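Descriptive structure summary
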2 protein chains.
Amino acid sequence: MNAMKIGIAGLGTVGGGVAKAFAKSGEMLGVRAGTPLEIVAVCDRDEAKREAFEAPQKFDDVRALAASNADLIVELIGGENGAAPLLVEEALKAGKHVVTANKAMMARHGARLAALAEQHGRALKFEAAVAGGIPIVKSLRESLMTYGISAVRGILNGTCNYILTQMEATGRSFADVLKDAQALGYAEADPELDVGGGDSSHKLALLTALAFGVKPDLDAVAVQGIRHITPEDIGFAREFGYRIKLLGIAKKTAQGIDQRVQPSMVRAGTPLADVDGVLNCVVVDANEAGSFFFEGRGAGECATANAVIADIVDIARGNAGSVFGLPSASLLALSAAPSGSAASAFYLRFQVLDVPGVLAEIAGHLAQWRVSIESMIQRGRAPGEAVSIVMITHETKQADVERALATIAASRNVIAQPCLIPMESK
Amino acid sequence: MNAMKIGIAGLGTVGGGVAKAFAKSGEMLGVRAGTPLEIVAVCDRDEAKREAFEAPQKFDDVRALAASNADLIVELIGGENGAAPLLVEEALKAGKHVVTANKAMMARHGARLAALAEQHGRALKFEAAVAGGIPIVKSLRESLMTYGISAVRGILNGTCNYILTQMEATGRSFADVLKDAQALGYAEADPELDVGGGDSSHKLALLTALAFGVKPDLDAVAVQGIRHITPEDIGFAREFGYRIKLLGIAKKTAQGIDQRVQPSMVRAGTPLADVDGVLNCVVVDANEAGSFFFEGRGAGECATANAVIADIVDIARGNAGSVFGLPSASLLALSAAPSGSAASAFYLRFQVLDVPGVLAEIAGHLAQWRVSIESMIQRGRAPGEAVSIVMITHETKQADVERALATIAASRNVIAQPCLIPMESK
């Protein structure tokens with residue numbers, strides 16, 4: 001039987017994990033694949049990394065790997081542009097299958113690369129790009145499509161979830177907990193891609209494409225990170241029976257698909273609220289088939305290598321299939337819901353000077369935009385000094401709340417940017 | 001393009017759901033499948049049911065369906081023996097693919113039918129047989145195999161979970177709640193297959209086969225139902241911070257694979273404990289890749305039809321693959337752990353006469369089998385009348401506890417069969 005020849009580009013943690021798993025369990029994986037699997041080439045710009053790998057061929061240039069005798073290329077270089085998409089394009093054009101963990105590249109160029117894979121009759125799989133080891137890409141692509149999907153929601157970034165969980169457990173500030181997370185290796189030296197929400201937005205754009213049969217559209221995702229969340233917000237959330245989680249949410253609405261990455265209030269005791277630390281989860285609302293909940297490790301050497309290897313075995317078994325579950329020509333351009341059209345209840349926190357009339361002023365501006373208040377807490381009483389006013393609104397459009405907050409923020413009695421957090425109803 | 005011609009046998013709720021889904025979304029499903037999908041034949045012994053279906057061919061005999069022009073047979077007749085396996089065998093021999101929701105048949109005859117499918121180069125898929133709409137069969141077969149699996153646990157029977165949830169919510173007895181569940185259609189008129197644990201054992205045998213690469217072995221599953229669980233047990237569980245769930249558990253141990261269906265104490269606040277009502281869930285411990293949790297509807301027209309249709313689309317796309325993820329010849333015979341070898345802590349409840357020395361007597365018998373007690377509660381004090389003694393043991397072998405309980409049950413001071421419930425550590 002002819003072996004499936006594999007080339008790996010990007011020899012970091014995950015690449016090492018894939019090589020180790022093949023060394024340990026390659027034979028069993030070959031039995032599952034129905035054909036032996038063999039790593040024939042590796043590629044990295046860093047010579048020391050190449051040297052650390054055993055492989056018959058070692059390349060420093062992705063073009064050379066794409067031109068090698070490999071049948072399947074594993075792209076673990078990362079990055080939206082540059083070497084990663086170059087390798088994928090060259091490999092597909094050379095008639096090779098591709099497995100990638102690259103969420104940024106797939107979110108930005110996925111539709112184009114899917115068309116290219118189709119044109120050359122090759123597979124392009126990306127299970128490892130979303131929620132690590134959780135088989136959510138395959139489940140959306142192959143298992144949950146009969147009744148269509150109305151919404152996908154998830155905790156898609158382990159770093160943010162770890163930070164929020166620690167802030168809640170310790171009462172410490174975002175900045176303090178971030179420092180610890182960096183020391184522990186749970187956050188990067190430059191944490192912006194994680195804590196700014198960008199990483200979650202890449203994954204959400206891919207989930208959206210799979211769930212709704214559309215081309216991934218990263219620009220249509222409204223993104224907010226977690227830097228502005230304070231221990232005070234987390235404490236108020238608890239009083240109201242909620243926890244704060246950074247959610248990626250994609251919903252079908254009458255006006256189009258609404259995609260948001262945003263800290264959200266999630267009701268305590270629901271599955272989403274109980275996902276702690278570096279875990280990831282995804283909830284799929286599949287209409288008549290009900291809701292499905294998936295939880296597992298969203299990152300790390302083995303969880304990610306597990307997803308990469310599942311894709312390799314799938315391809316070797318001959319399960320090529322469409323990249324996003326539908327032929328390229330059937331993927332629709334995403335029709336995005338207007339920004340701020342999502343309706344929900346909101347948590348609002350204002351830092352104000354405790355002067356007469358300040359509550360009336362805030363309430364007046366909210367009323368002007370038809371934002372009505374369900375409950376209110378005012379904390380701290382030191383005349384002339386700062387106090388917090390926290391409100392939960394009735395269901396209303398985010399755009400209306402934002403307009404009201406913009407006016408309120410301009411008041412001289414309001415001493416910090418108001419904080420707005422949507423309440424997830426499920 | 002040639003259509004994939006489908007024949008459906010067993011025209012009950014799920015068959016109706018499949019037909020309705022094709023009527024509504026057949027075109028989209030065909031696009032996903034890469035080929036049109038067409039129901040060309042139905043089969044049921046009941047003429048009224050056949051009449052209610054639109055199909056070019058209608059049969060009352062499964063042999064006729066197996067000999068028809070269908071390319072793929074959907075078996076929804078059910079039952080371990082009889083028409084269902086006859087149809088599946090005849091269909092595979094006639095070169096047709098098969099999709100089935102029949103857990104009893106697959107648990108009993110799965111290894112043989114898998115070999116037959118392989119011999120004829122046809123697919124045999126059974127996603128709908130386990131946990132309804134949750135894509136757990138596909139995930140175990142295709143996604144979570146890289147690092148092997150150490151344990152699979154799940155709430156696999158919605159009827160039992162509904163009854164236990166209601167007993168906890170209302171404090172009412174098993175018998176009362178069962179009556180309501182029957183009235184509501186959540187339990188069958190003959191509830192034994194559900195509440196006796198048999199249905200869960202079928203599903204567990206299939207999960208075991210998929211997780212550990214073995215032939216399903218129904219006889220190796222130790223089965224206990226929920227009839228003996230009392231509101232008192234549920235109340236004590238709550239005091240200890242636990243909930244009682246009927247779990248199917250398959251674990252790799254040094255002495256072989258341990259498969260049990262048994263009411264278990266699950267720590268409150270863990271994902272398993274929070275699965276309420278008719279939902280199902282499965283936890284997969286995938287060694288270095290971590291634990292994965294799946295939750296969703298375990299039964300019902302649409303959840304089950306969703307799983308059936310996913311299998312049909314998979315086959316139409318050309319994703320045949322091995323029935324249990326490995327070629328038949330590679331499926332090992334299951335080496336079962338000796339009965340009662342599983343070690344855990346246990347909850348024990350004794351109904352005793354409140355006479356001097358009864359506690360010493362119980363403690364003495366337990367000590368004889370090296371069962372040591374971590375905590376104890378004695379409730380009710382009415383000299384000469386019945387009181388409950390509840391104990392939590394340290395970790396010990398189930399067989400040792402059972403031996404001690406057999407001796408204790410024989411005491412004239414012990415007025416009912418002692419109740420034993422293992423504590424799940426995770």
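Residues numbered from 1 in each chain as written. Chains lettered and ligands numbered in written order. Predicted model: local features only at pLDDT ≥ 70, side-chain atom pairs only at ≥ 80, totals over all residues.

Looking now at helix α5 (residues 103-119) of chain B. Residue and element names in this part refer to chain B. The largest bend in α5 is about 80°, located at H109. With 13 of 17 residues buried, α5 lies mostly within the body of the structure. Positive backbone phi, at 65°, marks G121, one or two positions downstream of α5. (Bend = angle between axes of the 7 residues up to and from the residue. Helix = DSSP H or I, 4+ residues; strand = E, 2+ residues; numbered from the N terminus. Buried ≥ 20, exposed ≤ 12 C-beta atoms within 10 Å, placed from the backbone.)

Looking at chain A, the pLDDT average stands at 95 and 100% of residues meet or exceed 70. Quick note on the complex model: pTM equals 0.96, ipTM equals 0.95. (pLDDT = per-residue confidence, 0-100.)

Let us now look at the environment of L92 of chain B. Residues and elements named next belong to chain B. Assignment of secondary structure puts L92 in helix α4 (residues 83-93). In this structure L92 comes out as buried when scored by C-beta crowding, with 25 C-beta atoms within 10 Å. The spatial distance from the C-alpha of L92 to the C-alpha of D285 is 34 Å, given a sequence separation of 193 residues. Ignoring any residue separated from it by four or fewer positions in sequence, one finds L92 in contact with V98, L116, A117, H120, R122 and L124. (Contact = placed C-beta atoms within 7 Å.)

All names here are of chain B. Of all the 12 residues making up strand β9 (residues 242-253), 10 are buried; the element is thus mostly covered by neighbouring parts of the structure. Of the pairings in the sheet, the one linking strand β7 (residues 151-155) to β9 comprises four bridges and is antiparallel in character. Each bridged residue has a counterpart across the sheet, and for G154 the counterpart in β9 is G248. The turn joining β9 and strand β10 (residues 256-267), which pair antiparallel and follow one another in sequence, is formed by two residues. (Pairing = 2+ DSSP bridges.)

Residues and elements named next belong to chain B. Reading across from one edge, β3-β2-β1-β4-β5-β6 is the order of the six strands in this open sheet, with parallel pairing throughout. One side of each edge strand has no neighbouring strand; the edge strands of this open sheet are β3 (57-59) and β6 (124-125). Where strand β2 (residues 37-43) lies against β3, three bridges are found, and the strand directions are parallel. Residue pairing in the sheet places V42 in a bridge with K58 of β3. Relative to the sheet, helix α12 (residues 301-316) contacts β1 (4-9), β2, β4 (72-75), β5 (97-100) and β6, its axis offset from that of β5 by approximately 160°. (Axes fitted to C-alpha atoms, helices over the stretch in contact; angles between N-to-C directions.)

Now for the relation of the copies chain B and chain A. Overlay of chain B on chain A (RMSD 0.0 Å): rotation 180°, translation along the axis 0.0 Å. Look at the turn and shift together and you get a two-fold axis relating the two. Looking at the interface residues of chain B, 100% of them are also at the interface in chain A, so both copies use one shared face. (Least-squares fit on C-alpha atoms with pLDDT ≥ 70 in both.)

As a further point, take the nonpolar core. Grouped together as the largest cluster of nonpolar side chains are 305 residues, with contacts concentrated most on I163 and V308 of chain A together with I163 and V308 of chain B. With residues near it in sequence (within four places) discarded, V308 of chain B still touches V14, V18, V74, V99, A101 and A128 of chain B. (Core = buried A, V, L, I, M, F, W, Y, C linked by C-beta atoms within 7 Å.)

All right, on to the domain arrangement of chain A then. All names here are of chain A. Once the domains are mapped, chain A shows domain 1 (4-129), domain 2 (136-297) and domain 3 (344-423). A C-alpha centroid distance of 28 Å is found between domain 1 and domain 2. If you look at the interface, domain 1 gives 10 residues, while domain 2 gives 10 residues. Among the residues forming the side of domain 1 that touches domain 2, the class breakdown is six nonpolar, one polar and three charged. (Domains from an automatic or database assignment. Nonpolar A, V, L, I, M, F, W, Y, C, P; charged D, E, K, R; others polar.)

All names here are of chain A. Strand order in the open sheet formed by six strands is β3-β2-β1-β4-β5-β6, and the pairing between neighbours is parallel. The open sheet has two free edges, formed respectively by β3 (57-59) and β6 (124-125), since each of these has just one partner strand. Summarising the sheet, strand β1 (residues 4-9) and strand β2 (residues 37-43) pair through six bridges and their orientation is parallel. The residue of β2 that forms the bridge with I8 is V42. Here helix α4 (residues 83-93) sits on the sheet in contact with β1, β4 (72-75), β5 (97-100) and β6, set at roughly 170° to β4. Relative to the sheet, helix α12 (residues 301-316) contacts β1, β2, β4, β5 and β6, its axis offset from that of β5 by approximately 160°.

Residues and elements named next belong to chain B. With phi around 50°, N287 is a residue other than glycine that occupies positive phi space. Relative to the helices and strands, N287 is located in the loop between β11 (279-285) and β12 (291-297). In this model, R370 sits at a positive phi of 55°, which is unusual for a non-glycine residue. Residue placement: R370 occurs in the loop between α13 (358-368) and β14 (373-379).

Glancing now at the packing of α4 of chain A against helix α5 (residues 103-119) of chain A. Residues and elements named next belong to chain A. Relative to each other, α4 and α5 sit at 10°, their axes nearing to 11 Å. By the angle between their directions, the pair α4 and α5 is classed as roughly parallel. Between α4 and α5, the residues in contact are A84, P85, V88, E89 and L92 and M105, H109, L113, L116 and A117, respectively. Taken together, the residues of the contact of α4 with α5 break down into eight nonpolar, one polar and one charged. (Parallel < 35°, antiparallel > 145°, perpendicular 65-115°, else oblique.)

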